[in-house]
Amino acid sequence: MNELFPIYVKLAQIQTLLVGAGPVGLEKLQAMLTNSPNANIHLVAERIDEEVRAFVRGKDTIRTSERAFADTDIEGIDLIVLATNNPTLNAHIRKLATKNNVLLNVADKPDLCDFYLGSVVRKGNLKIGISTNGKSPTIAKRLKEFLHELLPDEIDETLDLMSQLRDEMKGDMKEKIQALNKHTKTILETKRYDSPN
Ligand SMILES: C[C@@]1(CC(=O)O)C2=NC(=C\c3[nH]c(c(CCC(=O)O)c3CC(=O)O)Cc3[nH]c(c(CC(=O)O)c3CCC(=O)O)/C=C3\N/C(=C\2)[C@@H](CCC(=O)O)[C@]3(C)CC(=O)O)/[C@H]1CCC(=O)O
Ligand SMILES: NC(=O)c1ccc[n+]([C@@H]2O[C@H](COP(=O)([O-])OP(=O)(O)OC[C@H]3O[C@@H](n4cnc5c(N)ncnc54)[C@H](O)[C@@H]3O)[C@@H](O)[C@H]2O)c1
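What counts and what doesn't
Residues numbered from 1 in each chain as written. Chains lettered and ligands numbered in written order. Predicted model: local features only at pLDDT ≥ 70, side-chain atom pairs only at ≥ 80, totals over all residues. Heavy atoms only, no water. UniProt positions renumbered as here; feature names shortened; annotations may be inferred. Helix = DSSP H or I, 4+ residues; strand = E, 2+ residues; numbered from the N terminus. Expected span 1.5 Å × (residues − 1). Buried < 20%, exposed > 50% of the residue type's maximum accessible area, 1.4 Å probe, protein only. Contact = heavy atoms within 4.5 Å.

- The protein carries the name precorrin-2 dehydrogenase in an unreviewed UniProt entry, which gives Sphingobacterium allocomposti as its organism.
- UniProt, in its Catalytic activity (unreviewed entry) section for the protein, records the words "precorrin-2 + NAD(+) = sirohydrochlorin + NADH + 2 H(+)".
- Regarding the protein, the UniProt comment filed under Pathway (unreviewed entry) reads as follows: "Porphyrin-containing compound metabolism; siroheme biosynthesis; sirohydrochlorin from precorrin-2: step 1/1."

Right, here's the structure in full:
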């Protein structure tokens, strides 16, 4: 059973610390910024790869410090992602995070994580997070590709129309929910997303 609780976090209104700026650090940075382009991130690494430097150039919400991690780096931090090649440092930051109630992800080290990154299908406003409970990130990637193909681009139009409709609707909550359910039932009957014909 997968006991993970999925949430969608507003990275633009919290402070994230990323330690490590090699290929894995770059992957994590890309994962965070493609989803949340205004994420507030402090990137600390003894050595920042040129690719990472190029990726963060011109992004005002990313601050970089090319030096060793210092314990004070976690002050004011809500979320930490580690992408270092240093197991001793990872274990040290794991302890600090627990002591300071900060949630931690250590790339590719499930035992050290409070949360995992998910594979993400994106179509406009729609976002589907996929977790295989750490069993197979490769299957998560394949499912992402499959669902991305399957979902029509118009799904975003449907979401916009539904959003307008729900803003315009009057009446009490119960009536509103009933009407929205009735309306969407018809939409799904007329637009068979699960069939190519
Ligand atoms: C979402 C995504 C994040 C991202 O990076 O954006 C992600 N991994 C991705 C890809 C990927 N990662 C790896 C491969 C190589 C093939 C392979 O090993 O299978 C590929 C595939 C590829 O790159 O093609 C290596 C790997 N990953 C973990 C381990 C350790 C272990 O399993 O013990 C090892 C072995 C390391 C080693 O051998 O040294 C563990 C984790 N990876 C997770 C997330 C969390 C569980 C997510 C879930 O429940 O599925 C978890 C538990 C923790 C975490 O890291 O948060 C991204 C999704 C794909 C996408 O959307 O494109
Ligand atoms: N590259 C891959 O495809 C891959 C795949 C699976 C697992 N991994 C593992 O993930 C980890 C990271 O991989 P990578 O290729 O990005 O490694 P890397 O060696 O390129 O980068 C490690 C980063 O950690 C930083 N770092 C180390 N000690 C530090 C300290 N005390 N303070 C601040 N920064 C510090 C380094 O300066 C560097 O920026 C490694 O443990 C690797 O074995 C890598």
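Structure's up, so let's keep going.
### Side note on helix 3 (residues 87–99)
Logical step 1: Look at helix 3: 19 Å from first C-alpha to last across 13 residues, which is about the 18 Å you get at 1.5 Å a residue.
Logical step 2: Among the residues making up helix 3, those that are buried are Leu89, Asn90, Ile93, Arg94, Leu96 and Ala97.
Logical step 3: Close packing links the buried residues of helix 3 with strand 1 (15–21), strand 4 (79–82) and strand 5 (103–106).

### So, the UniProt feature "domain: Siroheme synthase central" (unreviewed entry) in the protein
Logical step 1: Those residues carrying the UniProt feature "domain: Siroheme synthase central" (unreviewed entry) are residues 124–146 in this numbering.
Logical step 2: Annotated as residues 124–146, this span is 43% helix and 22% strand, and its ends, taken at the C-alpha atoms, are 17 Å apart.

### Focus: the side chain of serine 36
Logical step 1: Among the secondary structure elements, serine 36 is positioned in the loop between helix 1 (23–35) and strand 2 (40–48).
Logical step 2: Among the residues examined, serine 36 registers a relative accessible area of 15% and is labelled buried.
Logical step 3: Among all residues touching serine 36, those that are not within four sequence positions of it are Val9 and Leu11.

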